[in-house]
Structures are given as C-alpha cells and as structure tokens.
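A structural walkthrough
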Amino acid sequence: MKKVIVISGLVFLACSSLFAQKYICKDGNVHLLSKTAMLTIDGKNNKASSILDSKTGDLVVQLQVRGFKFPEALLEEHFNENYMQSGTFPKADFKGKIANIATVNFAKDGEYPIDIVGKLTIHGETRDIKKKGKLVIKGGKVEGTSAMNISLANYKVKIEESYKDRIDDNVALTMDLKYELYQAK
Amino acid sequence: MNKYLKIFLIVFGVGLTLGLCGVYYVFHMPHRNLADEKPSIVTSAKGLFDDFSKDETIGNKKYGNKAIQVSGKVVDIKVTDKDATIVLADETSGVTCSFDSATVVDHKAEFQKIKVGYATSVRGQCDGLDMIQGVMLSRSVLVQ
C-alpha cells in the first residue's frame with residue numbers, strides 16, 4: 001500500500017511539474033517618483049526580473065537597486081549612498097502570490113485584475129503588502145502592471161530633518177513587466 | 001560711488017557668479033563615463049559569475065559599483081534605438097551588460113558587428129547578481 005502511495009505521489013508530482021507553466025521577465029520596468037515643490041526624484045530601472053507561475057500564482061520580482069538610473073548624476077549618487085545604502089542592501093524584491101490567479105485565463109486574451117499579496121523587501125526591511133494590479137493577456141503574451149505608494153519611513157530609509165521639505169516620504173512605484181513563457185533549453 | 005563699496009560689489013558679484021556656477025555644476029555633473037575609467041578588475045564573464053554564485057555578499061563587496069571589464073562569448077544581443085543588452089558566457093549564469101542610448105548611438109557600427117558566438121570585452125558598472133540574468137553590468141561600453 002505504501003508503495004502505491006509513493007508511486008502515485010511521484011506520478012502526481014511529475015504531472016504537476018509538467019503542466020506548471022512558468023513565465024519569466026528580464027527587462028521589467030520599475031519607475032519610482034517622489035515629487036515636492038523643490039525636488040523631483042525620478043528613477044527608472046529597466047532590468048527588473050520576475051518569475052510568475054501561472055498555475056500556483058507564485059510571483060517573484062527582483063531588481064538591483066543600483067540599476068535605478070536618474071537624469072541627475074548627483075541624485076543617483078545620493079540615492080545609492082545616503083538613502084538606499086545599495087552597497088549594504090544591493091537588492092529589492094517581492095516574494096508572494098497572485099491570490100486570485102484562478103480567475104486569470106492565460107489562454108484567453110483579456111485584462112484581468114489581480115490581487116498581489118506577499119512580502120516586499122526594500123533597504124533590508126521586509127513588510128507584508130497587499131496591492132492591486134493587472135495582467136493583460138494578448139496573443140500568448142503576458143504583461144503585468146501594478147502601481148503602489150510606499151512610505152520611506154516604513155522601510156527605515158532615513159531622510160535628514162533639513163531635507164524633509166525636499167524629499168517626500170511617499171514614493172510612487174509603478175511596474176510594467178512583460179513576460180515570456182519559460183522554456184528550458 | 002565709494003571706492004570700497006565698488007570693490008565690495010565687484011568681489012561679491014564675482015563670488016556669487018562662481019558660487020552659482022559651482023551649484024549648477026554639482027547638480028548637473030555628468031554621469032559616470034566607463035569609457036574613460038580604468039577598470040578596477042579585469043576578468044572573464046564566467047569568473048565573475050562564479051565569484052558571485054559562490055558567495056553573493058563577498059561578490060558585492062569585491063565588485064559592487066566598481067568598473068569591471070569582462071570578456072566572454074556573446075550568447076544574446078539585443079539592440080534598439082533606446083538601449084542595448086549583451087549577454088556574455090551563459091544566458092542565466094553569465095553576465096548581462098546594458099548600454100545607455102548615447103553609447104548605442106555613438107557606436108552603432110560596432111554594435112552591428114557583434115553577433116551571437118563572437119568573443120568580446122565589455123566594461124561596465126557592477127550592480128549585483130540577478131536571479132535570472134546573472135551578474136548585472138550597467139552603463140557599459142564596448143572595449144576594443
């Protein structure tokens with residue numbers, strides 16, 4: 001009997017991994033914007049990576065903090081050294097799920113609202129988040145977008161008192177991730 | 001006008017102009033130019049990836065934010081009007097080098113010559129290890 005259970009378990013695992021479809025994104029765009037009357041911080045990272053499992057809804061997004069590029073060199077230097085401390089915390093990532101993945105039909109073109117739930121790590125601090133997003137399926141291609149606001153203080157990014165009028169604690173993050181079906185070579 | 005007041009105004013005016021120029025320069029100083037920078041470390045794409053995969057923290061300390069020059073075989077190249085990406089050594093366990101639009105525009109002919117399978121050298125700022133793309137270099141330049 002034990003043997004039967006083990007064999008059926010193995011068969012189930014083999015089948016589920018056979019049908020599990022993973023989508024990957026390598027050139028994901030993540031844009032951060034913080035605006036005050038005195039200073040606009042406008043950074044773009046177009047090398048974010050992501051893996052999406054269309055069966056389980058598991059979602060991972062990862063980027064290198066130094067990959068954020070700014071129009072001003074000075075701002076980029078301060079962003080990395082004084083605020084994000086990218087030497088100590090080189091990555092930011094999200095690990096979680098699309099909670100309502102069952103409502104997304106990957107075989108049918110359309111726009112599907114998604115609920116993103118999981119842990120966001122920025123500046124070495126991990127917080128639970130629950131945000132809305134959208135998956136657009138078009139001709140077999142998958143594009144995921146989401147917009148959210150985060151508080152710098154919540155992730156222990158310190159703004160000096162004298163800069164508080166220039167740097168808003170509230171930062172708008174927008175993501176645009178274009179996925180391709182992953183095929184092992 | 002009082003002679004001293006005149007001198008004071010001239011000195012003040014010159015000082016203010018210089019100060020404003022200084023502030024303007026600091027805010028608009030150019031981005032890091034890897035083409036003019038001597039590489040901190042010269043290595044192979046595989047060697048760079050191996051160092052990071054052995055210990056990412058040590059990899060970041062050794063290479064992070066530095067100008068790294070890597071050589072390797074091109075496994076993927078993507079050039080658009082906006083930017084370019086060259087992957088060296090291996091698609092998932094190699095080095096992904098990204099190039100800014102200005103670099104692509106200035107060296108269009110050189111980018112057109114690069115094909116998958118060719119050996120090439122790239123210098124770029126090391127941003128860290130990515131879960132899919134391997135070691136990431138940004139603001140890259142082609143090394144002749």
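Reading the values: the criteria
- Residues numbered from 1 in each chain as written.
- Chains lettered and ligands numbered in written order.
- Predicted model: local features only at pLDDT ≥ 70, side-chain atom pairs only at ≥ 80, totals over all residues.
- Heavy atoms only, no water.
- Pairing = 2+ DSSP bridges.
- Helix = DSSP H or I, 4+ residues; strand = E, 2+ residues; numbered from the N terminus.
- Axes fitted to C-alpha atoms, helices over the stretch in contact; angles between N-to-C directions.
- Core = buried A, V, L, I, M, F, W, Y, C linked by side-chain atoms within 4.5 Å.
- Buried < 20%, exposed > 50% of the residue type's maximum accessible area, 1.4 Å probe, protein only.
- Contact = heavy atoms within 4.5 Å.
- Buried area = accessible area lost by both parts, 1.4 Å probe.
- Salt bridge = Lys/Arg side-chain N within 4 Å of Asp/Glu carboxyl O.
- Polar contact = N/O pair within 3.5 Å; in protein donor to acceptor, adjacent residues only side chain to side chain.
- Expected span 1.5 Å × (residues − 1).
- pLDDT = per-residue confidence, 0-100.
- Parallel < 35°, antiparallel > 145°, perpendicular 65-115°, else oblique.
- Domains from an automatic or database assignment.

Take the sheet that holds strand β7 (residues 141-151) of chain A next. All names here are of chain A. The antiparallel closed barrel is built from 8 strands, whose spatial order is β1-β2-β3-β4-β5-β6-β7-β8. This sheet shows a mean twist of 25° between the axes of neighbouring strands, independent of strand direction. Where strand β1 (residues 22-35) lies against strand β8 (residues 170-181), 7 bridges are found, and the strand directions are antiparallel. Opposite His-31, over in β8, you have Thr-174 as the bridge partner.

On to the nonpolar core. It is characteristic of soluble globular proteins that their nonpolar side chains tend to be buried jointly. Leu-32, Leu-52, Leu-59, Phe-106, Leu-135, Val-142 and Tyr-179 of chain A are the most contacted members of the largest nonpolar core, which has 44 residues in total. Val-104, Phe-111, Val-122 and Val-135 of chain B belong to the second largest nonpolar core, which has 23 residues in total.

The partner chain A presents 26 residues to the 27 residues of chain B that form the contact. Interface area, chain B with chain A, both sides summed: about 2,200 Å², of which 50% is carbon and sulfur. Taken as a group, Asp-127, Met-131 and Ile-132 of chain B account for 25% of the area that chain B buries against chain A, more than any other trio of residues on that side. Where chain B meets chain A, there are 5 salt bridges. The closest approach of N and O atoms between Lys-69 of chain A and Asp-127 of chain B, which form a salt bridge, is 3.9 Å. Where chain B meets chain A, there are 15 residue pairs in polar contact (both at pLDDT 80 or more). Among the secondary structure elements, those contributing two or more residues to the side of chain B that touches chain A are α1 (3-27), α3 (56-63), β4 (95-99), β5 (119-130) and β6 (134-143) of chain B.

Turning our eyes to something else, we now look at α1 of chain B. Here α1 of chain B spans 36 Å end to end across 25 residues, near enough to the 36 Å set by a 1.5 Å rise per residue. Among the residues of α1 of chain B, the N-terminal cap falls to Asn-2 of chain B, whose side-chain oxygen and the backbone nitrogen of Tyr-4 of chain B are separated by 2.8 Å.

This part covers the confidence of the model for chain A. Averaged over chain A, the pLDDT score is 90; the fraction of residues at 70 or greater is 89%. Note on residues 9-18 of chain A: pLDDT under 50 across the span, and 0 contacts to partners over four residues away in sequence or across chains.

To continue, consider the pattern of salt bridges. Tallying each qualifying case throughout the model produces 22 salt bridges over all chains. In this structure, Arg-139 of chain B and Glu-76 of chain A form a salt bridge, with 2.7 Å as the shortest nitrogen-oxygen distance. Of this pair, Arg-139 of chain B sits in strand β6 while Glu-76 of chain A is found in helix α2 (residues 73-83), placing the two residues in two different chains. As far as burial versus exposure is concerned, Arg-139 of chain B and Glu-76 of chain A are alike and both buried. Taken together, the salt bridges that share partners define one network made up of Asp-27 and Lys-47 of chain A together with Lys-78 of chain B.

Residue and element names in this part refer to chain B. Contact geometry for helix α2 (residues 45-54) and α3: axes closest at 5 Å, N-to-C directions at 130°. Comparing the axis directions of α2 and α3 gives the class oblique. Contacts between α2 and α3 pair Leu-48, Asp-51, Phe-52 and Lys-54 from the former with Glu-56, Gly-59, Asn-60, Lys-62 and Tyr-63 from the latter.

Another aspect to go through is the domain arrangement of chain B. In many reports, interface size means the accessible area that the parts give up when they come together. Here chain B is described as being made up of domain 1 (1-30) and domain 2 (41-142). Using only C-alpha atoms to locate each centre, domain 1 of chain B and domain 2 of chain B end up separated by 45 Å.

On to the environment of Glu-91 of chain B, then. Tracing the backbone through its elements, the reader meets Glu-91 of chain B in the loop between β3 (84-88) and β4. With relative accessibility at 25%, the residue Glu-91 of chain B sits in the partly exposed group. Spatially, the C-alpha atoms of Glu-91 of chain B and Val-74 of chain B are 9.3 Å apart, while their sequence positions differ by 17 residues. A distance of 3.0 Å separates polar atoms of two side chains, one belonging to Glu-91 of chain B and the other to Lys-26 of chain A.

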